[in-house]
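Here is what each chain is made of, one letter per residue.
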Amino acid sequence: MDNPTLTHQIGQTGGKLIRLEQDLGRAKGNLDGATRNRIVGGVILLIGIIALIGHFVVSSQLIVAIAVAGLFIGGAVFVRALVKIGNTRRWIVTIKDGIAKAQTKLAELKAQPSIAE
């Protein structure tokens with residue numbers, strides 16, 4: 001392979017590798033955010049469950065409203081966070097596969113002798 005073509009391919013592969021590593025950083029940030037949302041949703045859900053138990057002890061409309069709101073909002077946030085975590089983990093696996101392929105291709109390209117040599 002001639003030298004300019006080889007240099008161009010090495011540059012393209014290196015750029016792809018850099019973009020994939022940036023995507024991996026963003027994916028890990030998304031995973032952190034989804035984990036935080038899962039914790040928040042779980043806490044709100046727990047408040048709703050405690051309020052529901054409190055309703056059986058002390059019958060009050062306020063406690064019922066807190067229980068319903070806590071169960072609904074907490075459950076929604078918790079489930080959305082779990083779905084996002086699953087999708088983000090699959091995305092991370094895909095990115096890591098792409099990084100491995102790009103690193104392999106880059107190593108192969110760098111190992112090729114150029115015509116000038």
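## Things to note about the overall build of the protein chain
In step 1: Looking only at helices and strands, one finds two helices and zero strands in the protein chain.
In step 2: Taken over the C-alpha trace, the protein chain has a radius of gyration of 25 Å; the compact-globule value for 117 residues is 13 Å, which it surpasses by more than 25%.
In step 3: Expressed as a percentage of the 117 residues in the protein chain, the buried residues total 24%.
In step 4: Pairs at least 24 apart in sequence give 82% of the contacts found in the protein chain among residues at least 6 apart.
In step 5: Total accessible area on the protein chain stands at roughly 7,900 Å², and carbon and sulfur atoms take up 65% of it.
In step 6: Mean positive and mean negative side-chain charge positions of the protein chain (14 and 7 charges, respectively) differ by 14 Å.

## As for the pattern of salt bridges
In step 1: Under the definition given, this model contains one salt bridge.
In step 2: A salt bridge links Asp23 to Arg26; the shortest N-O distance between them is 2.2 Å. Highlighted residues: Asp23 and Arg26, both in helix 1 (residues 3-57), separated by three residues, approximately one helical turn.
In step 3: Overall, the relative accessible area of 22% leaves Asp23 in the partly exposed class.

## Some points on the environment of Gly48
In step 1: When you line up the elements, Gly48 lands in helix 1.
In step 2: Taking the C-alpha atoms as reference, Gly48 lies 43 Å from Arg19; in sequence the two are 29 residues apart.
In step 3: Non-local contacts of Gly48, meaning those with residues more than four positions away in its chain, are made with Ile66, Ala67, Gly70 and Leu71.

## Overview of the packing of helix 1 against helix 2 (residues 61-111)
In step 1: In contact at an axis separation of 6 Å, helix 1 and helix 2 are set at 165° when each is read in the N-to-C sense. Classed by the angle they form, the pair helix 1 and helix 2 counts as roughly antiparallel. For helix 1 against helix 2, the interelement crossing comes out left-handed.
In step 2: Taken together, the residues of the contact of helix 1 with helix 2 sort by class into 32 nonpolar, 17 polar and nine charged.

The rules behind these values
Residues numbered from 1 in each chain as written. Predicted model: local features only at pLDDT ≥ 70, side-chain atom pairs only at ≥ 80, totals over all residues. Heavy atoms only, no water. Helix = DSSP H or I, 4+ residues; strand = E, 2+ residues; numbered from the N terminus. Rg over C-alpha atoms; globule rule 2.2 N^0.38 Å. Buried < 20%, exposed > 50% of the residue type's maximum accessible area, 1.4 Å probe, protein only. Contact = heavy atoms within 4.5 Å. Areas by Shrake-Rupley, 256 points an atom, 1.4 Å probe, with all protein chains shown as cover. Lys, Arg positive; Asp, Glu negative; His and termini not counted. Charge placed at Lys NZ, Arg CZ, Asp CG, Glu CD. Salt bridge = Lys/Arg side-chain N within 4 Å of Asp/Glu carboxyl O. Axes fitted to C-alpha atoms, helices over the stretch in contact; angles between N-to-C directions. Parallel < 35°, antiparallel > 145°, perpendicular 65-115°, else oblique. Left-handed = near helix turned anticlockwise from the far one by under 90°. Nonpolar A, V, L, I, M, F, W, Y, C, P; charged D, E, K, R; others polar.

Any functional reading would require information that these geometric values do not contain.
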